[in-house]
Number of protein chains: 2
Amino acid sequence: MTRAVEIVDEYGQRRTLRIPAERPLTVYVDKRELITLMTLGAHPEWLVLGYLRNQRLIQSVHEIESITVDWDVGAAAVRTRHGLADIEDRTARRVVTTGCGQGSVFGGLMDEVERIRLNPDARLRQSELYGILRVIREQDSVYKQAGSVHGCALFRGDELLLFVEDVGRHNAVDTIAGWMALQGEDVARGDDKVFYTTGRLTSEMIIKSAQMGVPIVVSRSGTTQMGLEVAERLGLCAIGRATHTRFLCYTHAHRLVWDTPPP
Amino acid sequence: MTRAVEIVDEYGQRRTLRIPAERPLTVYVDKRELITLMTLGAHPEWLVLGYLRNQRLIQSVHEIESITVDWDVGAAAVRTRHGLADIEDRTARRVVTTGCGQGSVFGGLMDEVERIRLNPDARLRQSELYGILRVIREQDSVYKQAGSVHGCALFRGDELLLFVEDVGRHNAVDTIAGWMALQGEDVARGDDKVFYTTGRLTSEMIIKSAQMGVPIVVSRSGTTQMGLEVAERLGLCAIGRATHTRFLCYTHAHRLVWDTPPP
């Protein structure tokens, strides 16, 4: 997932270092071209499945018959059982996301926010939060090797269930969503899970976490007004600037259990 | 462009801090809804103009009669002189960008790369590069105040022409492109300019710089394989990890003049 390249440093010296090696993957749904994703390609099937789910183009994994990835042509062929209802309309409108300022979230995503109900009893102990940050720190990662990628992870308490990296934080979270959809009920339901991301807590990141039913989100980065507003409205606990023993809880701090004051 | 919010820190203490306050801006072209951009909104007209240019929906600013922004309804109304040719087709395909993994670059952008010719004689002195990094460091910025935003800047040598911040690095560069399009020939042409961005040098960042005719790009962040491939092909000098006296030159190092070895 990385490639060695030769660069010239500030001393004019040639050096070899590694950079992330993403590839384009064009998604076809029932032979109709939908979108091209740039991805490290670690788990392309999960990515495509999660993308379709998070864009609400499918409600359930059972609508999918098969996803076949062919890297030789950079294509992911999705076969649905009964076709996707009014996919034309639902992919027509682009709402642009704050992540890169111009991401692509198909229309109607915000409309769904109102309908989402997150588990009101979900809590996270400060000790578990510190456990999560320790696990992330100790992860062997493309980021440590090459930088320039985002990481996302799904936790139950401080137990790591899945860690995914990709060039874009959206691909990483979609990959997690796709993986969750293929697991048993205890993993597929997010209400006792914690979602970690290295990326900013923008509105669509918060929305995607909520769509997975995950009521607590932890980020290494900060948030923006719209991310905060959506988290506030959803009852989602948004924690940012989280490294080592430091963090900022932006919303719904009642979900945090203060059992471990930092040294 | 920032808003004060109350958070709870790792000691359980309430604190007030500032976060970026982005707003949605829906772009209508001749009354047809095109896209919704999330933006800090510092220069909405330049952003919209630059967006249309960088998406190659217009070739020249003269195709635009007026851009009217109304924040009460979060709308930017673009009136063209003669309409935009086959806008339906040209906005139909989405190619997704590495910036957030799922940005939105309308089809055909990559096709243009081959046709771009950058000034082969453009050079940047190491002393000018260090000057650029000093100017950026000393900029009063939303980033210093609230974090979670990207900054872009246009330089001639180490002379700052324009500095723009937004929640997304694409909005920032598009705003610069829009501003350039409104300037006289000496500023509008990019061939003696340097483009700075805090964001990663992804393929579409490189492409946008090249579309502005700017042959040298400096970033605080790194690059990815596709960004590097495009820069290589375009003859664009891509410099990353640039802070203080440190930097990595990924491509076309012959454009750098090594006049100031770091201390």
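Not measured: the values here are computed from a predicted model.

## Thoughts on the sheet that holds strand β1 (residues 2-9) of chain B
Read across the open sheet, the 8 strands follow the order β11(A)-β10(A)-β12(A)-β13(A)-β14(A)-β15(A)-β1(B)-β2(B); overall the sheet is mixed. A strand with exactly one partner marks an edge of an open sheet, and here the two such strands are β11 (159-166) of chain A together with β2 (14-20) of chain B. Pairwise comparison of adjacent strand axes, ignoring direction, gives a mean angle of 30° for this sheet. In terms of strand pairing, strand β10 (residues 150-156) of chain A meets β11 of chain A through 7 bridges, oriented antiparallel. Bridge assignment links Arg156 of chain A to a residue of β11 of chain A, and that residue is Glu159 of chain A. Packed on one face of the sheet, helix α9 (residues 225-234) of chain A meets β14 (237-243) of chain A together with β1 and β2 of chain B and runs near 50° to β1 of chain B.

## Thoughts on the sheet that holds strand β2 (residues 14-20) of chain A
Ordered by their spatial adjacency, 8 strands build an open sheet running β2(A)-β1(A)-β15(B)-β14(B)-β13(B)-β12(B)-β10(B)-β11(B), and the pairing between neighbours is mixed. The open sheet is flanked by β2 of chain A together with β11 (159-166) of chain B, the only strands paired with a single partner. Looking at each pair of strands side by side, their axes are set apart by 30° on average, direction ignored. Sheet analysis places strand β1 (residues 2-9) of chain A next to β2 of chain A, joined by 7 bridges and oriented antiparallel. Directly across from Val5 of chain A, in β2 of chain A, lies its bridge partner Leu17 of chain A. Most of the contacts of helix α9 (residues 225-234) of chain B go to β1 of chain A, to which it runs at about 50°, and overall it touches β1 and β2 of chain A together with β14 (237-243) of chain B.

## So, the interface of chain A and chain B
The partner chain B presents 72 residues to the 72 residues of chain A that form the contact. Linking chain A with chain B are 4 salt bridges. Across the pair Glu10 of chain A and Arg246 of chain B runs a salt bridge, and its minimum N-O distance is 3.8 Å. At the boundary of chain A and chain B, one finds 22 residue pairs in polar contact (both at pLDDT 80 or more). At the level of elements, β1, β2, β4 (32-39), β7 (94-95), α4 (126-138), α6 (169-181), α9 and β15 (246-249) of chain A are the ones that each hand at least two residues to the side of chain A that touches chain B. Along the lines of polarity and charge, the residues of the side of chain A that touches chain B split into 32 nonpolar, 24 polar and 16 charged. With 2 bridges connecting them, β1 of chain A and strand β15 (residues 246-249) of chain B associate as antiparallel partners. From the neighbouring strand, Asp9 of chain A faces β15 of chain B, where its bridge partner is Leu248 of chain B.

## A word on the packing of α6 of chain A against helix α8 (residues 203-211) of chain A
Residues and elements named next belong to chain A. Between α6 and α8, the shortest axis-to-axis distance is 11 Å and the interhelical angle comes to 5°. Taken together, the axes of α6 and α8 are roughly parallel relative to one another. For the pair α6 and α8, contact is made by Arg169, His170, Val173 and Asp174 and by Glu204, Met205 and Lys208, respectively. A breakdown of the residues in the contact of α6 with α8 according to their chemical character gives 2 nonpolar, 1 polar and 4 charged.

The rules we used
- Residues numbered from 1 in each chain as written.
- Chains lettered and ligands numbered in written order.
- Predicted model: local features only at pLDDT ≥ 70, side-chain atom pairs only at ≥ 80, totals over all residues.
- Heavy atoms only, no water.
- Pairing = 2+ DSSP bridges.
- Helix = DSSP H or I, 4+ residues; strand = E, 2+ residues; numbered from the N terminus.
- Axes fitted to C-alpha atoms, helices over the stretch in contact; angles between N-to-C directions.
- Contact = heavy atoms within 4.5 Å.
- Salt bridge = Lys/Arg side-chain N within 4 Å of Asp/Glu carboxyl O.
- Polar contact = N/O pair within 3.5 Å; in protein donor to acceptor, adjacent residues only side chain to side chain.
- Nonpolar A, V, L, I, M, F, W, Y, C, P; charged D, E, K, R; others polar.
- Parallel < 35°, antiparallel > 145°, perpendicular 65-115°, else oblique.

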